[in-house]
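Take a look at the letters that make up each chain.
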Amino acid sequence: MRASMTVLGIESSCDDTAAAVVFGTPDQATIQSSIVESQTDLHAAFGGVVPELAARAHAEKLDHCVELALRDAGLTLADVDGIAVTSGPGLIGGVLSGVMCAKGLSAATGLPLIGVNHLAGHALTPRLTDALHFPYLLLLVSGGHCQFLIVKSATDFRRLGGTIDDAPGEAFDKVAKLLGLPQPGGPSVEAAARNGNPKGFALPRPLLDRDGCDMSFSGLKTAVLRMRDQLVEADGGLTEQSRNDLCASFQEAVCDVLAAKTSIAIKAYKGLSPATPSFAVAGGVAANQAIRGLLETVCTENGIAFSAPPLALCTDNAAMIAYAGLTLFDLGRSSDLSLSARPRWPLDQSQAPMLGSGKKGAKA
Amino acid sequence: MILAFDTSAAHCTAALLSGGKVLAHAHEDMAKGQAERLMVLLQEVLSEAGATYADLTAIAVGTGPGNFTGIRISVSAARGLALGLGIPAIGVSTLEAQAFDTPGPVLSTVDARRDQVYLQGFGYPDAPPPQQRALDTIAGLASPPGLTVIGGRSDAVSRQLDARATASAYPLAEALALVAATRLSEPQPRPKPLYIRPADAAPPRDPAPVILS
């Protein structure tokens, strides 16, 4: 029987400042508290997250979030066994603030520190919420990432494929911006799509004619831009209805691509003959109900269990970081006080990079 | 015992003071890598004096102005340490620290690059509040008799004000601790970076389409 641990998690890699406390073992952990301070209002006027503004906010909010998370859990730092912090990938200014705050806490208390890959946090969330067994198939789909991974253990991720350009979350944000809808784009495009006709506009489904699990979303975004410009030129503006139809058509195109590629990924995953075949979707875009619904159908058709974390654990949060940290501590891992913040940090480093290069390194 | 540190420019520096006396001091020039080095350096400074974090009564941290990321590295670490130790962290700007203990009117400056400086005046009627200024507009500032200019680009600044350029009375980390010590008797706000310059953020260039009703 493994010993239970109480782990404090800290997350600041994008535009949410978060802290949480998780208690338990890798096989059975519970969230004691989870604080997420959104910066949505801060970035609203700029049509997207401004890294410097985000970093400024994180630096002055993190310690407050930690205090709130401890208070909500009814604990003090003396009750905590370890500190987990997102040390990448993400907007480096925010990640750095989180890492330095965590190092300060660790140095002050003598508690062990562990740097957690933000993507591993998302990827391991189905273990926290649904106690999924390894290996499971994961679609990690967020603002910055989109990839199919076979999660073999808390530290072993095999990438089956992913986006070759934009992530869907990025496409949702850009489409919202193009159509004058508020940020973040995911929820606002989804809401508009509910009142729109998904067949209203013909939009491309890139790479559906190809084998494999790779995807592309940047052309889709450009197609929406062209449609918008045509409508604006013809009518001098966009009607509410055409905006809704554009959103619905865009969302359906994303759904179709994700569904088709999920089917292919499931076949590859089943080749491993997992004892309890299961698929999970994680990341901010997993909060989209249309995408969740369609992926669940695909899983049912393919005879594989489907799971998706509750909405609050799809978007960025620190509970997933605390849980991932807990599993790493359980494996005997920890970081020292020279821990680096990394802007990029692919989960599967065994394969050749498919996206990003240069000074910052591979993105995926 | 006060532990002071700063990473607001191309350095990583720390000092440990007790009763105004320096127990240990370190200063390393580095263009990058402060995030990795800082906590290790702090441990070295404490060890050199045979002290531990438990001996501290306060943290003093440099709040800039300077490199935005560098300022946040120290301020975030200071806030984490303060929370973990249950002691105050006191933010002190480079501008205040440099001017500390220099008699008479002082204009404290920090190089803001591209022929700009951050500056703040101390000890005279028209002393300018913290601000960023182009070097070629310095002549518009007040120049009281006996003005001393301290800090980055102080030669260029002092020439225009007919003032004297001199070095700071103490190394930066030491000065941060000394200034913080003067504030210990009263509750202090949590340290905040002194950016002076707003974030580069512009509204989207592509305007949203008109929505027809």
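Residues numbered from 1 in each chain as written. Chains lettered and ligands numbered in written order. Predicted model: local features only at pLDDT ≥ 70, side-chain atom pairs only at ≥ 80, totals over all residues. Heavy atoms only, no water.

Caption draft 1: Highlighting the overall build of chain A. Counting its regular elements, chain A contains 11 helices and 11 strands. Its C-alpha atoms give chain A a radius of gyration of 20 Å, within 12% of the compact-globule value 21 Å for 364 residues. For chain A, buried positions account for 58% of its 364 residues. A separation threshold of at least 6 residues defines the contact pool for chain A, and within that pool the share at least 24 residues apart is 71%. In chain A, the 29 positive side-chain charges and the 36 negative ones have mean positions that sit 6 Å from each other. (Helix = DSSP H or I, 4+ residues; strand = E, 2+ residues; numbered from the N terminus. Rg over C-alpha atoms; globule rule 2.2 N^0.38 Å. Buried < 20%, exposed > 50% of the residue type's maximum accessible area, 1.4 Å probe, protein only. Contact = heavy atoms within 4.5 Å. Lys, Arg positive; Asp, Glu negative; His and termini not counted. Charge placed at Lys NZ, Arg CZ, Asp CG, Glu CD.)

Caption draft 2: Expanded view of the interface of chain B and chain A. Contact with chain B, which involves 37 residues of that partner, is made by 45 residues of chain A. Of the roughly 3,300 Å² buried at the junction of chain B and chain A (both faces included), carbon and sulfur atoms supply 64%. On the chain B side of the contact with chain A, B:Arg72, B:Leu83 and B:Leu212 bury the most area, a combined 18% of that side's loss. Where chain B meets chain A, there are 6 salt bridges. The partner of A:Glu60 in a salt bridge is B:Lys192, with the nearest N and O atoms 3.9 Å apart. Counting the contacts that link chain B with chain A gives 12 residue pairs in polar contact (both at pLDDT 80 or more). Elements supplying a minimum of two residues to the side of chain B that touches chain A: α1 (34-48), α2 (68-85) and β11 (211-212) of chain B. (Buried area = accessible area lost by both parts, 1.4 Å probe. Salt bridge = Lys/Arg side-chain N within 4 Å of Asp/Glu carboxyl O. Polar contact = N/O pair within 3.5 Å; in protein donor to acceptor, adjacent residues only side chain to side chain.)

Caption draft 3: Fine view of the sheet that holds strand β5 (residues 89-92) of chain B. All names here are of chain B. If you walk across this open sheet you meet the 5 strands as β3-β2-β1-β4-β5, and the pairing is mixed. Each edge of the sheet is formed by a strand with only one pairing partner; in this case those strands are β3 (21-29) and β5. Strand after strand, the sheet turns through a mean of 15° between neighbouring axes, direction not considered. As paired strands, strand β1 (residues 2-6) and strand β2 (residues 11-18) are joined by 5 bridges and run antiparallel to one another. Bridge pairing links phenylalanine 5 to alanine 14 in β2. The strands touched by α1 are β1, β2 and β3; relative to β2, the strand with the most contacts, the crossing angle is about 25°. Helix-sheet contacts for α2 involve β1, β4 (58-62) and β5, and the interaxial angle to β4 is about 170°. (Pairing = 2+ DSSP bridges. Axes fitted to C-alpha atoms, helices over the stretch in contact; angles between N-to-C directions.)

Caption draft 4: Geometry of the nonpolar core. Residue and element names in this part refer to chain A. Residues Leu138, Leu139, Leu179, Phe217, Phe250 and Leu258 are the most contacted members of the largest nonpolar core, which totals 87 residues. A per-element tally of this core places helix α8 (residues 240-270) first, with 13 residues. Both domain 1 (5-124 + 316-362) and domain 2 (134-312) contribute no fewer than three residues apiece to this core. Ignoring sequence-local partners within four residues, the contact set of leucine 138 consists of Ala123, Pro126, Gln147, Phe148, Leu149, Val151, Ala280 and Ala282. (Core = buried A, V, L, I, M, F, W, Y, C linked by side-chain atoms within 4.5 Å. Domains from an automatic or database assignment.)

Caption draft 5: The side chain of B:Glu174, seen in detail. All names here are of chain B. Locating glutamate 174 in the fold gives a position in helix α5 (residues 172-181). Buried and unpaired, glutamate 174 has lysine 21 as its nearest opposite-charge partner, separated by 12 Å. Not counting chain neighbours up to four residues away, the residues in contact with glutamate 174 comprise Ala15, Leu17 and Val22.

Caption draft 6: Spatial organisation of the packing of aromatic side chains. Tallied over the full model, the rule gives 5 aromatic pairs over all chains. Taken together, a centroid distance of 4.9 Å and an interplanar angle of 75° make the contact between A:Phe172 and A:Phe250 edge-to-face. Residue A:Phe172 is located in helix α5 (residues 168-178), and its partner A:Phe250 is located in helix α8; the two are separated by 78 residues in the primary sequence. Stacked on the ring of B:Phe68, the Lys or Arg A:Arg56 has its end atom at 4.6 Å from the ring centre. Looking at A:Arg56, its charged tip hangs above the ring of B:Tyr195, at a distance of 3.7 Å from the centre. (Phe/Tyr/Trp six-rings, centres within 6.5 Å; stacked < 30°, edge-to-face > 60°. Lys NZ or Arg CZ within 6 Å of the ring centre and 35° of its normal.)

Caption draft 7: Structural detail: the domain arrangement of chain B. All names here are of chain B. As far as domains go, chain B holds domain 1 (2-94 + 170-181) and domain 2 (102-166). With 5 residues of domain 1 at the contact, the number on the domain 2 side is 4 residues. Interface area, domain 1 with domain 2, both sides summed: about 310 Å², of which 63% is carbon and sulfur. Its largest share of buried area at the contact with domain 2, domain 1 owes to Pro65, Gly66 and Thr94, together 77% of the area lost on that side. At the boundary of domain 1 and domain 2, one finds 0 salt bridges. Where domain 1 packs against domain 2, one counts 0 residue pairs in polar contact (both at pLDDT 80 or more). Residues belonging to the side of domain 1 that touches domain 2 are distributed by class as follows: 2 nonpolar, 3 polar and no charged. (Nonpolar A, V, L, I, M, F, W, Y, C, P; charged D, E, K, R; others polar.)

Caption draft 8: Representation of the sheet that holds strand β7 (residues 146-153) of chain A. Residues and elements named next belong to chain A. Pairing is mixed in the open sheet, where 5 strands are placed in the order β8-β7-β6-β10-β11. The open sheet has two edge strands with one neighbour each: β8 (156-162) and β11 (305-307). Pairwise comparison of adjacent strand axes, ignoring direction, gives a mean angle of 25° for this sheet. In this sheet, β7 lies alongside strand β6 (residues 136-141) in antiparallel orientation, the contact comprising 6 bridges. Residue pairing across strands places valine 141 opposite cysteine 146, the latter belonging to β7.

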